[in-house]
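This is what each chain is made of:
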Amino acid sequence: MYGKFKDHLIKEINDIHEAGLFKNERIIASPQKAEIKLDTGQEVLNFCANNYLGLSNHPELIKAAKDGLETHGYGMSSVRFICGTTDLHKILEKKIADFMGTEDTILYAAAFDANGGVFEPLLTAEDAIISDSLNHASIIDGVRLCKAQRYRYPNADMDALEEVLKQAQAQRFRVIVTDGVFSMDGNVAPVDKMVELAEKYDAMMMVDECHSHGVVGKTGRGVTEHFNIRGKVDIITGTLGKAFGGAVGGFTTGRKEIIEMLRQRSRPYLFSNSLPPAVVSAGIRMFDMMNETNELQDKLHRNTEYFMEKMLAAGFDIKPTRSAICAVMLYDAKLSQDMAAKLLEEGIYVIGFYYPVVPKGEARIRVQLSAGHEMEHLDKAIAAFTKVGKELGVLKN
Ligand SMILES: *Cc1c(COP(=O)(O)O)cnc(C)c1O
(Lines give C-alpha, C1' and ligand atoms only; values in the text may rest on other atoms or scores of the structure.)
Protein backbone atom coordinates (compact mmCIF):
# COMPACT_ATOMS: atom_id res chain seq x y z
CA MET A 1 0.00 0.00 0.00
CA TYR A 2 2.70 2.53 0.96
CA GLY A 3 4.21 2.48 -2.56
CA LYS A 4 1.36 4.47 -4.10
CA PHE A 5 1.12 6.82 -1.16
CA LYS A 6 4.88 7.38 -1.29
CA ASP A 7 4.66 8.38 -4.96
CA HIS A 8 1.82 10.72 -4.07
CA LEU A 9 3.88 12.39 -1.32
CA ILE A 10 6.96 12.72 -3.52
CA LYS A 11 4.86 14.49 -6.13
CA GLU A 12 3.27 16.82 -3.59
CA ILE A 13 6.62 17.67 -2.02
CA ASN A 14 7.99 18.32 -5.47
CA ASP A 15 5.11 20.69 -6.13
CA ILE A 16 6.00 22.57 -2.95
CA HIS A 17 9.59 22.87 -4.20
CA GLU A 18 8.49 24.04 -7.63
CA ALA A 19 6.19 26.66 -6.19
CA GLY A 20 9.24 27.94 -4.29
CA LEU A 21 7.48 27.30 -0.98
CA PHE A 22 9.67 24.57 0.50
CA LYS A 23 10.72 25.53 4.01
CA ASN A 24 14.33 24.84 4.84
CA GLU A 25 15.38 25.04 8.46
CA ARG A 26 18.47 27.03 9.28
CA ILE A 27 20.43 25.34 12.04
CA ILE A 28 21.55 27.34 15.05
CA ALA A 29 24.46 26.03 17.09
CA SER A 30 24.29 28.48 20.00
CA PRO A 31 21.65 29.65 22.49
CA GLN A 32 18.85 31.83 21.12
CA LYS A 33 19.90 35.47 21.46
CA ALA A 34 20.83 38.57 19.47
CA GLU A 35 24.20 37.19 18.35
CA ILE A 36 23.84 33.60 17.24
CA LYS A 37 26.13 31.09 15.63
CA LEU A 38 24.91 28.95 12.73
CA ASP A 39 26.03 25.37 12.14
CA THR A 40 28.04 26.69 9.18
CA GLY A 41 30.18 28.54 11.72
CA GLN A 42 28.85 31.91 10.57
CA GLU A 43 27.99 34.37 13.33
CA VAL A 44 24.97 36.52 12.61
CA LEU A 45 22.70 39.04 14.30
CA ASN A 46 19.26 37.58 14.78
CA PHE A 47 16.33 39.77 13.74
CA CYS A 48 13.75 37.04 13.18
CA ALA A 49 13.06 35.56 16.62
CA ASN A 50 9.99 36.27 18.74
CA ASN A 51 12.48 36.95 21.55
CA TYR A 52 11.04 40.43 22.06
CA LEU A 53 12.31 40.98 25.59
CA GLY A 54 15.57 39.12 25.05
CA LEU A 55 14.66 36.57 27.74
CA SER A 56 15.29 33.33 25.81
CA ASN A 57 18.76 33.00 27.29
CA HIS A 58 18.36 35.13 30.42
CA PRO A 59 20.51 33.92 33.36
CA GLU A 60 17.73 34.48 35.90
CA LEU A 61 15.32 32.30 33.96
CA ILE A 62 17.93 29.59 33.46
CA LYS A 63 18.53 29.63 37.19
CA ALA A 64 14.81 29.51 37.97
CA ALA A 65 14.40 26.59 35.56
CA LYS A 66 17.23 24.73 37.31
CA ASP A 67 15.63 25.46 40.68
CA GLY A 68 12.35 24.00 39.41
CA LEU A 69 14.16 20.87 38.29
CA GLU A 70 15.79 20.52 41.70
CA THR A 71 12.66 21.09 43.77
CA HIS A 72 9.98 19.46 41.58
CA GLY A 73 11.83 17.12 39.23
CA TYR A 74 11.86 16.73 35.47
CA GLY A 75 8.38 15.75 34.31
CA MET A 76 4.84 15.41 35.60
CA SER A 77 3.79 12.19 33.81
CA SER A 78 0.20 13.29 34.11
CA VAL A 79 -2.43 15.68 32.91
CA ARG A 80 -3.37 18.45 35.30
CA PHE A 81 -6.56 16.95 36.78
CA ILE A 82 -5.12 13.52 37.60
CA CYS A 83 -1.78 14.17 39.28
CA GLY A 84 -0.11 16.89 37.18
CA THR A 85 -0.82 20.00 39.23
CA THR A 86 1.95 21.29 41.51
CA ASP A 87 2.04 24.33 43.76
CA LEU A 88 4.20 25.90 41.03
CA HIS A 89 1.43 25.56 38.42
CA LYS A 90 -1.05 27.27 40.75
CA ILE A 91 1.42 30.06 41.53
CA LEU A 92 2.12 30.73 37.84
CA GLU A 93 -1.58 30.83 37.00
CA LYS A 94 -2.15 33.37 39.73
CA LYS A 95 0.88 35.46 38.68
CA ILE A 96 -0.45 35.66 35.12
CA ALA A 97 -3.92 36.73 36.28
CA ASP A 98 -2.43 39.32 38.65
CA PHE A 99 -0.17 40.70 35.91
CA MET A 100 -3.02 40.97 33.40
CA GLY A 101 -5.60 42.17 35.92
CA THR A 102 -7.87 39.23 35.16
CA GLU A 103 -9.76 36.87 37.46
CA ASP A 104 -8.16 33.51 36.72
CA THR A 105 -5.79 31.72 34.33
CA ILE A 106 -5.51 28.21 32.89
CA LEU A 107 -2.17 26.93 31.55
CA TYR A 108 -1.77 24.86 28.40
CA ALA A 109 1.17 23.13 26.73
CA ALA A 110 1.08 25.88 24.07
CA ALA A 111 -1.01 28.85 22.97
CA PHE A 112 -1.94 26.70 19.99
CA ASP A 113 -3.75 24.47 22.49
CA ALA A 114 -5.22 27.41 24.38
CA ASN A 115 -6.84 28.64 21.15
CA GLY A 116 -7.66 25.13 19.99
CA GLY A 117 -9.46 24.36 23.23
CA VAL A 118 -11.29 27.58 24.01
CA PHE A 119 -14.37 27.65 21.76
CA GLU A 120 -15.75 24.14 21.79
CA PRO A 121 -16.34 23.93 25.57
CA LEU A 122 -18.06 27.33 25.69
CA LEU A 123 -20.22 27.64 22.57
CA THR A 124 -22.72 25.52 20.62
CA ALA A 125 -24.47 25.63 17.24
CA GLU A 126 -26.79 28.27 18.69
CA ASP A 127 -23.89 30.73 19.08
CA ALA A 128 -21.64 32.81 16.81
CA ILE A 129 -17.87 33.29 16.51
CA ILE A 130 -16.83 36.41 14.63
CA SER A 131 -13.21 36.20 13.51
CA ASP A 132 -10.71 38.54 11.81
CA SER A 133 -9.58 37.26 8.40
CA LEU A 134 -5.90 37.39 9.46
CA ASN A 135 -6.28 35.56 12.75
CA HIS A 136 -3.66 32.98 13.68
CA ALA A 137 -3.95 29.38 12.44
CA SER A 138 -4.64 28.13 15.97
CA ILE A 139 -7.74 30.33 16.24
CA ILE A 140 -8.93 29.09 12.87
CA ASP A 141 -8.46 25.49 14.02
CA GLY A 142 -10.18 26.19 17.34
CA VAL A 143 -13.16 27.65 15.48
CA ARG A 144 -13.28 24.56 13.24
CA LEU A 145 -13.60 22.33 16.29
CA CYS A 146 -16.66 24.20 17.53
CA LYS A 147 -20.19 23.98 16.13
CA ALA A 148 -20.93 27.69 16.49
CA GLN A 149 -21.91 29.74 13.41
CA ARG A 150 -18.81 31.26 11.82
CA TYR A 151 -18.49 34.83 10.62
CA ARG A 152 -15.39 36.48 9.19
CA TYR A 153 -14.53 40.12 8.50
CA PRO A 154 -11.56 41.63 6.59
CA ASN A 155 -8.53 42.46 8.72
CA ALA A 156 -9.27 45.16 11.29
CA ASP A 157 -12.21 46.49 9.21
CA MET A 158 -14.57 47.90 11.81
CA ASP A 159 -17.39 48.75 9.38
CA ALA A 160 -17.38 45.15 8.18
CA LEU A 161 -17.29 43.91 11.76
CA GLU A 162 -20.36 46.00 12.57
CA GLU A 163 -22.22 44.52 9.59
CA VAL A 164 -21.35 41.01 10.70
CA LEU A 165 -22.45 41.76 14.25
CA LYS A 166 -25.83 42.84 12.90
CA GLN A 167 -26.12 39.59 10.96
CA ALA A 168 -25.24 37.58 14.05
CA GLN A 169 -27.97 39.03 16.27
CA ALA A 170 -30.15 35.96 15.87
CA GLN A 171 -27.63 33.77 17.66
CA ARG A 172 -27.76 33.16 21.41
CA PHE A 173 -24.21 34.29 22.30
CA ARG A 174 -21.60 36.06 20.18
CA VAL A 175 -17.85 36.27 20.61
CA ILE A 176 -15.54 38.50 18.58
CA VAL A 177 -12.00 37.14 18.33
CA THR A 178 -8.85 38.87 17.10
CA ASP A 179 -5.08 38.70 17.30
CA GLY A 180 -3.78 41.64 19.36
CA VAL A 181 -0.91 42.21 16.92
CA PHE A 182 -0.95 40.66 13.46
CA SER A 183 2.32 38.94 12.80
CA MET A 184 2.97 39.95 9.21
CA ASP A 185 2.19 43.69 9.29
CA GLY A 186 2.79 44.26 12.99
CA ASN A 187 -0.45 46.27 13.17
CA VAL A 188 -2.31 46.45 16.47
CA ALA A 189 -5.97 45.40 16.24
CA PRO A 190 -8.32 48.32 17.05
CA VAL A 191 -9.53 46.57 20.18
CA ASP A 192 -10.80 49.85 21.70
CA LYS A 193 -13.32 50.14 18.87
CA MET A 194 -14.03 46.42 18.98
CA VAL A 195 -14.94 46.62 22.64
CA GLU A 196 -17.40 49.43 21.86
CA LEU A 197 -18.98 47.37 19.10
CA ALA A 198 -19.09 44.35 21.39
CA GLU A 199 -21.02 46.39 23.94
CA LYS A 200 -23.37 47.84 21.34
CA TYR A 201 -24.16 44.45 19.80
CA ASP A 202 -24.07 42.33 22.95
CA ALA A 203 -20.99 40.28 22.13
CA MET A 204 -18.07 38.98 24.17
CA MET A 205 -14.51 39.91 23.29
CA MET A 206 -11.49 37.62 22.94
CA VAL A 207 -7.94 38.73 22.11
CA ASP A 208 -4.96 36.49 21.30
CA GLU A 209 -2.02 38.46 22.67
CA CYS A 210 0.83 36.17 21.59
CA HIS A 211 2.62 38.94 19.66
CA SER A 212 1.42 41.81 21.87
CA HIS A 213 2.17 40.55 25.40
CA GLY A 214 5.46 41.92 26.66
CA VAL A 215 5.54 44.31 23.70
CA VAL A 216 2.45 46.50 23.45
CA GLY A 217 1.55 48.89 26.27
CA LYS A 218 4.05 50.75 28.42
CA THR A 219 4.57 47.77 30.74
CA GLY A 220 3.93 45.07 28.13
CA ARG A 221 0.52 44.05 29.40
CA GLY A 222 -0.76 44.06 25.84
CA VAL A 223 -3.64 45.72 24.04
CA THR A 224 -5.80 46.12 27.14
CA GLU A 225 -3.05 48.37 28.53
CA HIS A 226 -2.39 50.09 25.21
CA PHE A 227 -6.06 51.11 24.83
CA ASN A 228 -6.74 51.42 28.57
CA ILE A 229 -9.55 48.86 28.41
CA ARG A 230 -8.60 46.59 31.30
CA GLY A 231 -11.45 44.35 32.37
CA LYS A 232 -13.31 44.80 29.08
CA VAL A 233 -11.86 41.81 27.27
CA ASP A 234 -13.49 38.59 28.45
CA ILE A 235 -10.94 36.08 27.16
CA ILE A 236 -7.22 36.64 26.58
CA THR A 237 -4.90 33.97 25.25
CA GLY A 238 -1.12 34.23 25.38
CA THR A 239 2.12 32.28 25.06
CA LEU A 240 5.21 31.73 27.17
CA GLY A 241 7.00 30.99 23.89
CA LYS A 242 7.55 34.54 22.61
CA ALA A 243 8.29 37.65 24.71
CA PHE A 244 7.61 35.83 27.98
CA GLY A 245 10.73 33.65 28.00
CA GLY A 246 10.58 31.88 24.66
CA ALA A 247 10.43 28.31 25.96
CA VAL A 248 7.01 26.72 25.70
CA GLY A 249 3.55 26.99 27.20
CA GLY A 250 0.34 28.90 26.67
CA PHE A 251 -2.53 30.21 28.71
CA THR A 252 -6.04 31.54 28.68
CA THR A 253 -6.83 34.25 31.19
CA GLY A 254 -10.02 36.16 31.89
CA ARG A 255 -13.42 35.76 33.54
CA LYS A 256 -13.48 33.30 36.41
CA GLU A 257 -16.43 31.19 35.22
CA ILE A 258 -14.96 30.89 31.72
CA ILE A 259 -11.66 29.59 33.10
CA GLU A 260 -13.54 27.26 35.44
CA MET A 261 -15.47 25.76 32.52
CA LEU A 262 -12.28 25.34 30.49
CA ARG A 263 -10.73 23.34 33.35
CA GLN A 264 -13.73 21.01 33.19
CA ARG A 265 -14.16 20.67 29.43
CA SER A 266 -11.22 21.98 27.39
CA ARG A 267 -9.80 18.97 25.58
CA PRO A 268 -6.14 20.03 25.12
CA TYR A 269 -6.09 20.74 28.88
CA LEU A 270 -7.80 17.51 29.91
CA PHE A 271 -6.01 15.16 27.54
CA SER A 272 -2.46 16.50 27.22
CA ASN A 273 0.44 16.49 29.64
CA SER A 274 1.09 19.12 32.27
CA LEU A 275 3.87 21.69 31.72
CA PRO A 276 7.18 20.55 33.24
CA PRO A 277 8.28 22.20 36.52
CA ALA A 278 11.40 23.80 35.02
CA VAL A 279 9.27 25.76 32.55
CA VAL A 280 6.71 26.72 35.18
CA SER A 281 9.37 27.80 37.66
CA ALA A 282 11.04 30.02 35.03
CA GLY A 283 7.62 31.43 34.13
CA ILE A 284 7.07 32.48 37.74
CA ARG A 285 10.45 34.22 37.85
CA MET A 286 9.67 35.88 34.52
CA PHE A 287 6.47 37.51 35.81
CA ASP A 288 8.31 38.56 38.98
CA MET A 289 10.88 40.30 36.78
CA MET A 290 8.08 42.02 34.83
CA ASN A 291 6.74 43.37 38.12
CA GLU A 292 10.13 44.43 39.51
CA THR A 293 11.30 46.55 36.59
CA ASN A 294 10.18 47.94 33.28
CA GLU A 295 13.71 48.09 31.89
CA LEU A 296 13.23 45.47 29.18
CA GLN A 297 9.96 46.87 27.88
CA ASP A 298 11.46 50.38 27.83
CA LYS A 299 14.51 49.14 25.97
CA LEU A 300 12.39 47.27 23.44
CA HIS A 301 10.31 50.38 22.79
CA ARG A 302 13.44 52.52 22.41
CA ASN A 303 15.03 49.99 20.05
CA THR A 304 11.90 49.75 17.94
CA GLU A 305 11.51 53.51 17.63
CA TYR A 306 15.17 54.00 16.78
CA PHE A 307 15.17 51.27 14.14
CA MET A 308 11.96 52.45 12.47
CA GLU A 309 13.12 56.06 12.43
CA LYS A 310 16.51 55.25 10.88
CA MET A 311 15.03 52.87 8.30
CA LEU A 312 12.45 55.46 7.23
CA ALA A 313 15.19 58.09 7.03
CA ALA A 314 17.26 55.72 4.88
CA GLY A 315 14.33 55.67 2.45
CA PHE A 316 12.72 52.31 3.16
CA ASP A 317 9.00 51.76 2.87
CA ILE A 318 7.92 50.60 6.33
CA LYS A 319 4.44 49.65 7.49
CA PRO A 320 3.34 51.86 10.38
CA THR A 321 3.30 49.82 13.58
CA ARG A 322 3.02 50.03 17.34
CA SER A 323 4.53 46.59 17.85
CA ALA A 324 8.09 45.24 17.61
CA ILE A 325 7.46 43.90 14.10
CA CYS A 326 8.86 46.04 11.30
CA ALA A 327 7.65 45.10 7.81
CA VAL A 328 10.11 46.42 5.21
CA MET A 329 7.98 46.45 2.08
CA LEU A 330 9.58 45.28 -1.17
CA TYR A 331 6.42 44.06 -3.00
CA ASP A 332 8.38 41.63 -5.20
CA ALA A 333 8.71 37.98 -4.06
CA LYS A 334 12.10 37.30 -5.65
CA LEU A 335 13.51 40.57 -4.41
CA SER A 336 12.47 39.66 -0.85
CA GLN A 337 14.40 36.39 -1.09
CA ASP A 338 17.46 37.95 -2.75
CA MET A 339 17.57 40.71 -0.19
CA ALA A 340 17.31 38.33 2.77
CA ALA A 341 20.11 36.18 1.29
CA LYS A 342 22.37 39.20 0.79
CA LEU A 343 21.62 40.45 4.29
CA LEU A 344 22.65 37.09 5.69
CA GLU A 345 25.97 37.47 3.86
CA GLU A 346 26.30 40.76 5.72
CA GLY A 347 25.61 38.95 9.00
CA ILE A 348 21.97 40.01 9.40
CA TYR A 349 19.49 37.18 9.79
CA VAL A 350 15.99 38.15 8.59
CA ILE A 351 13.30 36.38 6.61
CA GLY A 352 11.60 37.51 3.40
CA PHE A 353 7.90 36.67 3.17
CA TYR A 354 5.75 36.50 0.05
CA TYR A 355 2.49 35.02 -1.21
CA PRO A 356 0.71 33.02 0.18
CA VAL A 357 2.05 34.00 3.61
CA VAL A 358 1.26 37.64 2.76
CA PRO A 359 -1.09 38.92 0.00
CA LYS A 360 0.11 38.77 -3.64
CA GLY A 361 2.35 41.71 -4.52
CA GLU A 362 3.07 42.52 -0.87
CA ALA A 363 6.38 40.69 -0.39
CA ARG A 364 8.48 42.06 2.41
CA ILE A 365 11.23 41.44 4.90
CA ARG A 366 10.00 41.16 8.45
CA VAL A 367 12.36 42.52 11.09
CA GLN A 368 11.63 41.67 14.71
CA LEU A 369 13.19 43.96 17.28
CA SER A 370 14.22 42.84 20.74
CA ALA A 371 15.36 44.23 24.07
CA GLY A 372 18.26 41.82 23.52
CA HIS A 373 19.56 44.07 20.71
CA GLU A 374 22.21 46.65 21.58
CA MET A 375 22.59 49.94 19.72
CA GLU A 376 25.56 48.56 17.76
CA HIS A 377 23.39 45.64 16.56
CA LEU A 378 20.73 48.03 15.33
CA ASP A 379 23.28 50.26 13.60
CA LYS A 380 24.89 47.27 11.93
CA ALA A 381 21.49 46.08 10.67
CA ILE A 382 20.54 49.52 9.38
CA ALA A 383 23.90 49.85 7.60
CA ALA A 384 23.53 46.41 6.02
CA PHE A 385 19.95 47.14 4.89
CA THR A 386 21.12 50.41 3.36
CA LYS A 387 24.07 48.81 1.57
CA VAL A 388 22.06 45.87 0.21
CA GLY A 389 19.08 48.14 -0.52
CA LYS A 390 21.30 50.23 -2.80
CA GLU A 391 22.87 47.18 -4.46
CA LEU A 392 19.44 45.78 -5.31
CA GLY A 393 17.97 49.10 -6.39
CA VAL A 394 15.47 49.27 -3.52
CA LEU A 395 17.09 52.54 -2.45
CA LYS A 396 18.29 55.21 -4.84
CA ASN A 397 22.06 55.73 -4.79
C1 LIG B 1 2.76 32.11 18.12
C2 LIG B 1 1.30 32.27 18.18
C3 LIG B 1 0.46 31.26 18.69
C4 LIG B 1 1.01 29.93 19.12
O5 LIG B 1 1.77 30.03 20.29
P6 LIG B 1 2.50 28.73 20.84
O7 LIG B 1 2.57 28.92 22.31
O8 LIG B 1 3.84 28.68 20.18
O9 LIG B 1 1.66 27.55 20.47
C10 LIG B 1 -0.89 31.51 18.76
N11 LIG B 1 -1.42 32.69 18.35
C12 LIG B 1 -0.65 33.67 17.84
C13 LIG B 1 -1.29 34.96 17.41
C14 LIG B 1 0.73 33.49 17.73
O15 LIG B 1 1.46 34.47 17.20
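About the criteria used
- Residues numbered from 1 in each chain as written.
- Predicted model: local features only at pLDDT ≥ 70, side-chain atom pairs only at ≥ 80, totals over all residues.
- Heavy atoms only, no water.
- Domains from an automatic or database assignment.
- Contact = heavy atoms within 4.5 Å.
- Buried area = accessible area lost by both parts, 1.4 Å probe.
- Salt bridge = Lys/Arg side-chain N within 4 Å of Asp/Glu carboxyl O.
- Polar contact = N/O pair within 3.5 Å; in protein donor to acceptor, adjacent residues only side chain to side chain.
- Helix = DSSP H or I, 4+ residues; strand = E, 2+ residues; numbered from the N terminus.
- Phe/Tyr/Trp six-rings, centres within 6.5 Å; stacked < 30°, edge-to-face > 60°.
- Buried < 20%, exposed > 50% of the residue type's maximum accessible area, 1.4 Å probe, protein only.
- Lys NZ or Arg CZ within 6 Å of the ring centre and 35° of its normal.
- Expected span 1.5 Å × (residues − 1).
- Pairing = 2+ DSSP bridges.
- Axes fitted to C-alpha atoms, helices over the stretch in contact; angles between N-to-C directions.
- Near = heavy atom within 4 Å.
- Areas by Shrake-Rupley, 256 points an atom, 1.4 Å probe, with all protein chains shown as cover.
- Nonpolar A, V, L, I, M, F, W, Y, C, P; charged D, E, K, R; others polar.
- Patch = residues over 30% accessible without salt bridge, like charges linked within 9 Å, V, L, I, M, F, W, Y side chains within 5 Å.
- Lys, Arg positive; Asp, Glu negative; His and termini not counted.
- Charge placed at Lys NZ, Arg CZ, Asp CG, Glu CD.

K.L.:
Explain the domain arrangement of the protein to me, please; I cannot follow it from the model alone.
P.N.:
By a frequent convention, interface size equals the accessible area lost on bringing the separate parts together. Here the domain parsing of the protein yields domain 1 (20-49 + 294-392) and domain 2 (59-292). Between the C-alpha centres of domain 1 and domain 2 there is a distance of 27 Å. Taken together, the 19 residues of domain 1 in the interface contact 18 residues of domain 2. With both chains or domains summed, domain 1 and domain 2 bury close to 1,400 Å², and 55% of this area falls on carbon and sulfur atoms. For the pair domain 1 and domain 2, the interface holds 3 salt bridges. Asp298 is the partner of Lys218 in a salt bridge, and the nearest nitrogen-oxygen pair spans 3.9 Å. Scanning the region where domain 1 abuts domain 2 turns up 8 residue pairs in polar contact (both at pLDDT 80 or more). Counting only elements with at least two residues in the side of domain 1 that touches domain 2, the list comes to α13 (295-314), β10 (325-331) and β13 (363-368). Here the side of domain 1 that touches domain 2 gets 5 residues from one element, more than from any other, and that element is α13.

K.L.:
Mind showing me how you'd approach the packing of aromatic side chains here?
P.N.:
Ring pairs (aromatic) are described by centroid distance and by the angle formed between their planes. The final tally for this structure, using the stated rule, is 8 aromatic pairs. With 5.8 Å between their ring centres and 85 degrees between their planes, Phe316 and Phe385 make a pair best called edge-to-face. Taken as a pair, Phe316 in the loop between α13 and β10 and Phe385 in helix α15 (residues 375-391) lie far apart in primary sequence, 69 residues in all. Overall, Phe316 belongs to the buried group, its relative accessible area being 4%. An aromatic cluster is present here, built from Phe47, Phe307, Phe316 and Phe385 joined pairwise through their rings. A cation over a ring is seen here: Arg221 above Phe99, with NZ or CZ 3.9 Å from the ring centre. Cation over ring: Lys360 sits above Tyr355, and NZ or CZ is 4.1 Å from the ring centre.

K.L.:
For this particular structure, what's the right way to read helix α14 (residues 333-345)?
P.N.:
Since the α-helix packs 3.6 residues into each turn, any two residues three or four apart lie on the same face. With 13 residues, α14 extends 19 Å from end C-alpha to end C-alpha; this agrees with the ideal 18 Å at 1.5 Å per step. Every buried residue of α14 is listed here: Leu335, Ser336, Met339, Ala340, Leu343 and Leu344. Where α14 is buried, its residues contact β2 (43-46), β10, β11 (348-349), β12 (351-353), β13 and α15. Directly after α14, the chain includes Gly347, whose backbone phi takes a positive value near 90 degrees.

K.L.:
Would you mind showing me how to read the sheet that holds strand β4 (residues 128-132) here?
P.N.:
An order of β3-β9-β8-β7-β6-β4-β5 is seen for the 7 strands of this open sheet, with the pairing classed as mixed. Two strands bound the open sheet, and with one partner strand each, they are β3 (104-108) and β5 (149-153). Ignoring which end each strand starts from, the neighbouring axes of this sheet average 20 degrees apart. Here β4 runs beside strand β6 (residues 174-179); their pairing, made up of 4 bridges, is parallel. When the sheet's bridge partners are listed, Ser131 is paired in β6 with Val177. With respect to the sheet, helix α10 (residues 256-265) is in contact with β3, β8 (235-239) and β9 (250-254), its orientation differing from that of β3 by roughly 30 degrees.

K.L.:
Sorry, what's going on with the site of the ligand here?
P.N.:
The ligand sits among 13 residues. The nearest are Ala111, Phe112, Asp208, Thr239 and Lys242. Take Phe112: an N or O atom from its main chain is 2.9 Å from an oxygen atom of the ligand. Within the side chain of Thr239, a nitrogen or oxygen atom sits 2.7 Å from an oxygen atom of the ligand. Here the ligand, which alone exposes 390 Å², has 83% of that area covered by the protein. With 3 residues, the single largest contributor to the shell around the ligand is helix α5 (residues 111-116). Considered class by class, the residues forming the shell around the ligand number 4 nonpolar, 6 polar and 3 charged.

K.L.:
Where do I start with unusual backbone geometry in this structure?
P.N.:
Note: most residues except glycine have negative phi, and most peptide bonds are trans. Of note, the bond from Tyr355 into Pro356 is cis; its omega dihedral lies within 30 degrees of zero at 10 degrees. Take Pro356: it is sitting in the loop between β12 and β13. Residue Ser77 is not a glycine yet carries a positive backbone phi of 50 degrees. Its location among the elements puts Ser77 in the loop between α2 (59-72) and α3 (80-83). Ser77 gets classed as exposed once you look at its relative accessible area, which sits at 71%.

K.L.:
Honestly, a negative patch on the surface in this entry has me stumped. Any pointers?
P.N.:
On the surface, a cluster of negative charge is made up of Glu35, Glu43, Glu376 and Asp379. By the secondary structure assignment, Asp379 is in helix α15.

K.L.:
Just to check I follow, could you spell out the environment of Asn303 for this structure?
P.N.:
Following the sequence through the fold, Asn303 ends up in helix α13. Its relative accessible area of 4% is what places Asn303 among the buried residues. Excluding residues that lie within four positions of it along the chain, Asn303 makes contacts with Leu369, Ser370, Ala371, His373 and Leu378.

K.L.:
Got a minute to help me understand the environment of Gly84 in this structure?
P.N.:
By the element assignment, Gly84 lies in the loop between α3 and α4 (87-100). Accessibility expressed as a relative area gives 0% for Gly84, which makes it buried. A sequence separation of 189 residues divides Gly84 from Asn273, and the C-alpha atoms of the two residues are 7.6 Å apart. If sequence neighbours within four positions are ignored, Gly84 has contacts with Met76, Ser78, Val79, His89 and Ser274.

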